[in-house]
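Next come the chains, spelled out residue by residue.
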Amino acid sequence: WNISPSTPLGLYWVSRTPIAVGAFVMVCPPDTPIFQQARERTYIEAGSCPGHYGHMIKQVAALAGDVIAITTQGVRVNGHLLPDSAPTSHDPKGRAMPVTLGAQYTLGSRQLLLMGLGNRLAFDGRYFGPVGTETVRTVLKPVYTWTPRE
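The rules behind these values
Residues numbered from 1 in each chain as written. Predicted model: local features only at pLDDT ≥ 70, side-chain atom pairs only at ≥ 80, totals over all residues. Heavy atoms only, no water. Pairing = 2+ DSSP bridges. Helix = DSSP H or I, 4+ residues; strand = E, 2+ residues; numbered from the N terminus. Salt bridge = Lys/Arg side-chain N within 4 Å of Asp/Glu carboxyl O. Buried < 20%, exposed > 50% of the residue type's maximum accessible area, 1.4 Å probe, protein only. Core = buried A, V, L, I, M, F, W, Y, C linked by side-chain atoms within 4.5 Å.

Undergrad: Hey, could you run me through the pairing of strand S2 (residues 24-27) in this one?
TA: One face of the sheet, then the other: side chains in a regular strand alternate in exactly this way. Across four bridges, S2 lies against strand S4 (residues 56-62) in antiparallel orientation. Within S4, the position partnered with Val25 by the bridge is Lys58. Pairing analysis gives four bridges linking S2 to strand S11 (residues 136-146), with the strands arranged antiparallel. Each residue of the ladder has a partner; that of Met26, found in S11, is Thr138.

This is the structure we're talking about:
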């Protein structure tokens, strides 16, 4: 079950399909300062991943070779603006977000960009950047999902 609003709520099935753009994946966040802060602020929960992080479910927005740009309008992948991807400067509690406006990079061979597509408040790649493919624990197939109303 996914109960985090950064991805459609509901039931997901573990899949053996390859990682692809648009796929939902369950990842273990890397043990870095940005994820340490995210756990302290409860953007992500404590859990059984290395570093005592909880799993995150996100959608793959970009893969190796894709060009990413983060602007005030949002995240662009190969020039295409992702919906509801504009970064915010502060979280709902008024704390500064780790925004990297002006960042532009090409994903490496073992990198991907994860987003909470359709959720303008999701803690995702617009704040923590690309992650390694080794963080992916499984690809998930949505079985029964819904998007909560704001």
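Undergrad: Would you take a moment to explain the pattern of salt bridges for this structure?
TA: Side-chain pairing between opposite charges can occur once the charged atoms of the two side chains come close. Following the criterion strictly, the structure yields two salt bridges and no others. A salt bridge links Asp91 to Arg95, with the nearest nitrogen and oxygen atoms 2.7 Å apart. We classify Asp91 as buried; its relative accessible area is 6%. For the salt bridge of Arg126 with Asp124, the shortest nitrogen-to-oxygen distance reads 2.7 Å. Accessibility expressed as a relative area gives 0% for Arg126, which makes it buried. With relative accessibility at 0%, the residue Asp124 sits in the buried group.

Undergrad: Quick question: what am I supposed to make of the nonpolar core here?
TA: Across soluble globular proteins, nonpolar side chains have a tendency to be buried as a group. By size, the foremost hydrophobic cluster in this structure holds 20 residues, and its most contacted members are Val25, Phe35, Leu114, Phe123 and Phe128. Mapped onto this core, the elements with two or more residues apiece are S2, helix H1 (33-40), S4, strand S9 (111-115), helix H2 (125-128) and S11. Within the second largest apolar cluster, ten residues are counted, among which are Ala61, Ile68, Ile70 and Val75.

Undergrad: Any chance you could explain unusual backbone geometry here in plain terms?
TA: Negative phi values dominate among residues other than glycine, just as trans dominates among peptide bonds. Phi at His52 is positive, roughly 65°, even though this residue is not glycine. Relative to the helices and strands, His52 resides in the loop between strand S3 (46-49) and S4. Overall, the relative accessible area of 60% leaves His52 in the exposed class.

Undergrad: I tried to follow the sheet that holds strand S8 (residues 104-106) on my own but got confused; where do I start?
TA: Backbone-to-backbone hydrogen bonds pair the strands of a sheet. The strands run either parallel or antiparallel. In space, the four strands of this open sheet follow the order S7-S6-S5-S8, with antiparallel pairing throughout. Edge positions in the sheet fall to strand S7 (80-81) and S8, since each of these pairs with one other strand and no more. Bridge count between strand S5 (residues 67-71) and strand S6 (residues 74-77): four bridges; the pairing is antiparallel. Bridge assignment links Ile68 to a residue of S6, and that residue is Val77.

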